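# Summary of the model geometry
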Amino acid sequence: MKQVNMAAPVSVDALLRAAVSEDADHRDDGLCVVGLFGKSSTQLGVLKESLLNTLADKHVFSVFGGGDEEGDGSGCGIQALYDPDNRILYLLLTSVCDGRRLLWACRSQSASAGHAEAHDFWKGLERQHCLRLLYLFSVCHVLLLVHPNHTFDVTYDRLFRALDALRQKALPLIRAAVKDCLVSKEWKVNCRPCPPRLLFFFQMSGSLKVPNGSESGVHPDKPKKHSPRRRLQHALEDQIYRIFRKSRVLTNQSGNCLFTVPANQAFVYVAPAPEEDPAGALLSQLRSNCALSEHDPGAVVTGPRRYQQMRRSIRQVTAEHVSITSSAPPGGDCTLKEFLWQHVELVLTKKGFDDSVGRNPQPCHFELPSFSKWAQVALKIHQVLSGGVEDDSTEPALRAQAQLKVLDGFLDADAKFSENRCQKALPLAHGAYQSNLPHNYTTAVHKNQLAQALRVYSQHARGVAFQRYALQLHDDCYKFWSNGHQLCEERSLSDQHCVHKFHLLPKDGESTDVDHNPPILNHNSRGRSTSSCNCGRKQAAREDPFDVHAANYDFYQGLEEKCCSKLERINFPVFQPSTPDPSPACDRTPRSLCEADGERPKEPSGGGGGGGGGSAQPSHTPGDTSLSLALSLGQSTDSLGPYGEGEASGEGQAPQKRPSLADRQPSTVEYLPGMMHSGCPKGLLPKFSSWSLVKLGPAKWYNCHVGLEQPGFLPAASFLLPWDLLVRSRSDDDPSEAQDGGASSWPTPNKTPASKRGGVGGPGRSRRRDDTARAYVGFEYEDGRGRRFISAGPDKVVKALGSSGAKEPAARVLNADMPLYVPAPSQGRGVKPHFAQLIRLFVVVPDAPLEVTLSPQVQPGPPPCPLFHPELAEVTLPPDGVWVLRFPYAYATDVGPCYPPKENQPLANYKVLRGILRASATNTQ
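Residues numbered from 1 in each chain as written. Predicted model: local features only at pLDDT ≥ 70, side-chain atom pairs only at ≥ 80, totals over all residues. Heavy atoms only, no water.

Bringing the overall build of the protein into the picture now. Check the secondary structure of the protein and you find 20 helices and 28 strands. For the protein, the proportion of its 925 residues judged to be buried stands at 43%. Taking the intrachain contacts of the protein between residues at least 6 apart in sequence as the baseline, contacts between residues at least 24 apart amount to 74%. Total accessible area on the protein stands at roughly 48,500 Å², and carbon and sulfur atoms take up 51% of it. (Helix = DSSP H or I, 4+ residues; strand = E, 2+ residues; numbered from the N terminus. Buried < 20%, exposed > 50% of the residue type's maximum accessible area, 1.4 Å probe, protein only. Contact = heavy atoms within 4.5 Å. Areas by Shrake-Rupley, 256 points an atom, 1.4 Å probe, with all protein chains shown as cover.)

Listed below in structure tokens is the structure:
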């Protein structure tokens, strides 16, 4: 082998891939492979590297470990150093058992890693160490285990048993890899040149001092059979041999063992402790070498021999005080090199190791290969155990990596204990989850039971497998819930969930199928209530609705044919499609509810009573750019005609106003998927109206002494509230008082002719008289049991005594925000309170020159809930009629439904805004 290639240590992977050639003189010489592994102390000095310097008799490694290489990125690596004079190849294994690699591993680990991640990280490094160590046991003749103190670490017994089990699993893979190598059949079968011999190196601790003869009280001239260090070596040999024999790491037949130990040779070496003052020891040795002693011979060596003698002396001093002593200590103890060489000679002389014991010992195979043969086999084994190539050998490497789970039972005792503990805790957690469970239950119940199961699991489970089995518990509980126990998660508009298990809804024209998996069923909460029709003259039972169409349209349409179909009504505009397949406006970006609530129209300043009322509410803001699709297709604002601001068609004419968005043509291609409210885009209409406005009859249909003659009203709670409206105001001498300009006009009641009141200029001169008309208003509330009543105020029920009707004026209810929900007058037996909902508004418009405007706005929830209103923001009621406005039964937006209030929610957030009715006198001229 070319010595220039091995002048410095290289990694074994680089050595095997470099195809180092041998010299012609040593091409057929045998090669002895010696491996070093073990642990290093926490001091700065590196023990294994210093030992290799001593064995190779050259300063190859730095004494203080200045190398920064980190192996193959796994914290574990093998370095090779070749000694050409002695034909020995040293393989040095470094791992996290060394101080430098341990520091690298601590720095490379993430600080945010949890307990399980940190455990997997360190166990991964330990598995890599085991693979590298198995590689040494497969390619070396002699192995030297290095330990930083004089006490045997019993964890090596568990490590060697794990390596032996892993080797038995990996043997078929290694045999398949080396079957084409040019080596002997025994090597191919056993996958190693010979059963390696394991030697032990211990370093004596500094606290253990071995006294000399004068200090121990023994005469110094008295001979001793063995020194204390030799006796310690013998004791360690006996201890190690007994431990390995008990655990069956060592057996009688050495060919079947992972390694062997000699029966008649020393296999334990104990190095003396270093001096406490290494600097003083070096100075004293330097002084002794530089000064001539008195007993030295007179002839002093000069020239090159003197220099060589000094260099040899300095080398011995360095090796003695930095690592171990190289000279033979007193008492007959050998040096480390002599200790190792007696085993290496057996290899180089091709005698081999005969370490089998017992009655019928079987000889072991042995082979001393050349470097080329050894490199060929070592490369194949390295590819299998390391997986560092990208050819066909990657598959055996992956299969070898899969065998690493054999190590878990030996090396990872903590994980094994955690696995057993967590497996015992899983049935307890499953029992806690399934306790007191109905057959079908919702997500909330599932999460509650899962939290209880995890609580029980955490009380019993321990260790690194805690998180993994906790995830398994989560998956098991979810599978149990979804396998026929999941309840339908759909909630009705009254906030009650469906009682069916998970099911599918029937499509158009499809019938229900209970046997289908999952079943095809309609939603049902088993909730029933009693409601009245649009006009209120007929009551019927209804199912708890799950969508707005069923709540606000289907139920009332079912009662139309029986009651309200022939009544006069004002229809609200709905979507009229111009295409056979219209689509909902899903791609639009509606304003947020907060913005919709912030753009609430101003409330009218005037109430209902006493004349003209407030100003009209603006329906849309001028700056809104959310136009309908019909406008975006070509109907721009320029095509609306000459409506320029400040532009008059002629002198004396008021400037014409630009039409608002409400007056423009709504879209006929896209429809509004939900209900109309203040937050939805402009120019869209729903497919159905959730409101209804019908006429019961003329104004005389209502009798103020009898009240509303409809079913379900509480006693004396069906009377409407009187609303006195100002028709017109004029003076007594108004010339328009006379009808047709003649004396045949009917006299006005409560007016005395001027001739009887003192004539013109008398006491009655310029006296005014107001003409009033009486209308009636009633806010009707209805609870779930069909009981109805008219409200006399935000917190009062109408109570009429006798046949005189209601005494309270309607101004109180018209000038205040009326609650959308009020507590029912008679509560049930349960703890849960019952609410009555504002469902109708009765308005009796007299036959008078009046203009009554209806503009309802409902806020069915706390802010930022939008304001709901009909498709016509304002509706003018014709005179002489009893009109009934039916409010929606449920309110919903595109985000979701607005549920009724809970028992702990304030009812003031659910209201109908004031200004729902306005009245003004009309000009009859």
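Still to come is the rest of the account.
Taken across its seven residues, strand β3 (residues 77–83) has seven buried, putting it largely inside the fold. Alternating residues of β3 divide into G77, Q79, L81 and D83 and I78, A80 and Y82, and every residue in both groups is buried. Note that strand β1 (residues 10–11) and β3 share two bridges and pair antiparallel. In the sheet register, S11 faces β3, and the bridge partner there is Q79. As defined by bridge partners, β3 adjoins strand β4 (residues 88–94) across seven bridges and the pair is classed as antiparallel. From the neighbouring strand, G77 faces β4, where its bridge partner is T94. Here β3 folds back onto β4 in antiparallel fashion, the turn holding four residues, of which R87 has a positive phi close to 55 degrees. (Pairing = 2+ DSSP bridges.)

The next point concerns the packing of helix α14 (residues 413–434) against helix α15 (residues 443–460). Axis separation between α14 and α15 bottoms out at 8 Å; the angle between their running directions is 150 degrees. For the element pair α14 / α15, the angle class is roughly antiparallel. For the pair α14 and α15, the crossing hand works out as right-handed. Within the contact between the two elements, α14 uses R421, C422, A425, L426, L428, A429, A432 and Y433 and α15 uses H446, Q449, L450, Q452, A453, V456, Y457 and H460. When grouped by side-chain class, the residues that make up the contact of α14 with α15 number 11 nonpolar, four polar and one charged. (Axes fitted to C-alpha atoms, helices over the stretch in contact; angles between N-to-C directions. Parallel < 35°, antiparallel > 145°, perpendicular 65-115°, else oblique. Left-handed = near helix turned anticlockwise from the far one by under 90°. Nonpolar A, V, L, I, M, F, W, Y, C, P; charged D, E, K, R; others polar.)

In this structure the tally under the stated criterion is 17 salt bridges. Measuring nitrogen to oxygen at the nearest pair gives 2.8 Å for the salt bridge that ties D495 to R491. Classification of D495 by relative accessible area gives buried; the value is 16%. Where E560 meets R569, a salt bridge forms, and the shortest distance between an N and an O atom there is 2.9 Å. Under the relative-accessibility criterion, R569 is labelled partly exposed at 26%. Each of E780, E782, R788 and R840 takes part in salt bridges that share partners, so that together they form one network. (Salt bridge = Lys/Arg side-chain N within 4 Å of Asp/Glu carboxyl O.)

Omega for the peptide link from P863 to P864 comes to 10 degrees, which places this bond in the cis form. The phi dihedral of R87 is positive, around 55 degrees, even though this residue is not glycine. With respect to the helices and strands, R87 occurs in the loop between β3 and β4. The phi angle at K350 is positive, at roughly 65 degrees, despite the residue not being glycine. Secondary-structure assignment places K350 in the loop between α10 (336–348) and α11 (371–386). We classify K350 as exposed; its relative accessible area is 58%.

By secondary structure assignment, the location of F137 is in helix α4 (residues 115–139). For F137, a relative accessible area of 1% translates into the label buried. Separated by 56 residues in sequence, F137 and P193 have C-alpha atoms that sit 10.0 Å apart. F137 has contacts with F37, L143, F160, L163, R192, P196, L258 and F259, leaving out every residue within four places of it along the chain.

This brings us to the sheet that holds strand β28 (residues 917–921). Strand order in the open sheet made by the three strands is β23-β21-β28, with antiparallel pairing throughout. Every interior strand has two partners, whereas the edge strands, β23 (875–877) and β28, have only one. When strand polarity is set aside, the average angle formed by the axes of neighbouring strands in this sheet is 30 degrees. Judged from the three bridges that link them, strand β21 (residues 850–854) and β23 form a sheet pairing that is antiparallel. Counted as the bridge partner of V852 is L877 from β23.

A separate point is the environment of A792. Its place among the elements puts A792 in strand β16 (residues 788–793). Overall, A792 belongs to the buried group, its relative accessible area being 1%. Distance from A792 to E780, taken between C-alpha atoms, is 9.8 Å for residues 12 residues apart in sequence. In this structure, A792 is in contact with L721, V797, V798, E808, R812 and V813, ignoring residues within four places of it in sequence.

Looking now at helix α17 (residues 548–564). A rise of 1.5 Å per residue sets the reference length of α17, with its 17 residues, at 24 Å; its end C-alpha atoms lie only 21 Å apart and thus fall more than 12% short of the reference. Looking at α17, one finds that the buried residues are V548, A551, N552, F555, Y556, L559, E560, C563 and C564. Lining the buried residues of α17 we find β8 (528–532), β9 (539–543), β10 (568–569), β20 (835–845), β24 (881–886) and β25 (891–892). (Expected span 1.5 Å × (residues − 1).)

Take the packing of aromatic side chains next. Within this structure, the stated rule accounts for 30 aromatic pairs. Ring plane angle 35 degrees and centroid distance 4.9 Å describe the contact between Y457 and F466, whose orientation is recorded as tilted. Classification of Y457 as buried rests on a relative accessible area of 0%. Grouping aromatic residues by their ring pairs yields a cluster made of F37, F137, F152, Y156, F160, F200, F202, F244, F259 and F267. Of note, R542 hangs over the ring of F555, and the distance from its end group to the ring centre comes to 4.2 Å. Across from the ring centre of Y889, 3.8 Å away, lies the NZ or CZ of R542, which sits over that ring. (Phe/Tyr/Trp six-rings, centres within 6.5 Å; stacked < 30°, edge-to-face > 60°. Lys NZ or Arg CZ within 6 Å of the ring centre and 35° of its normal.)

Strand order across the open sheet formed by seven strands is β1-β3-β4-β2-β5-β6-β7, with mixed pairing between neighbours. Across the chains shown, the open sheet's two edge strands, defined by having one partner strand only, are β1 and β7 (268–271). Bridge count between strand β6 (residues 197–203) and β7: four bridges; the pairing is parallel. Its bridge partner being in β7, Q203 is matched across the sheet by A271.

Checked against the element boundaries, R840 lands in strand β20. Given a relative accessible area of 0%, R840 falls into the buried group. Among the polar contacts made by the side chain of R840, one reaches the main-chain carbonyl oxygen of C533 at a distance of 2.5 Å. (Polar contact = N/O pair within 3.5 Å; in protein donor to acceptor, adjacent residues only side chain to side chain.)

With that out of the way, let us pick up the packing of α14 against helix α16 (residues 466–482). Packing of α14 against α16 leaves a shortest axis separation of 10 Å and a crossing angle of 30 degrees. Of the possible angle classes, the one that applies to α14 and α16 is roughly parallel. For α14 against α16, the interelement crossing comes out right-handed. Between α14, through S418, E419, C422, Q423, L426, A429, H430, Y433 and Q434, and α16, the contact on the second element is made entirely by F466, R468, Y469, Q472, L473, D476, C477, F480 and W481. Considered class by class, the residues forming the contact of α14 with α16 number 10 nonpolar, five polar and three charged.

The next thing to look at is the side chain of S138. Its location among the elements puts S138 in helix α4. The buried category is assigned to S138, whose relative accessible area is 4%. The contact partners of S138, leaving out residues within four places of it in the chain, are C191, R192, P193 and I381.

Remember, this is a structural readout, not a statement about activity or role.
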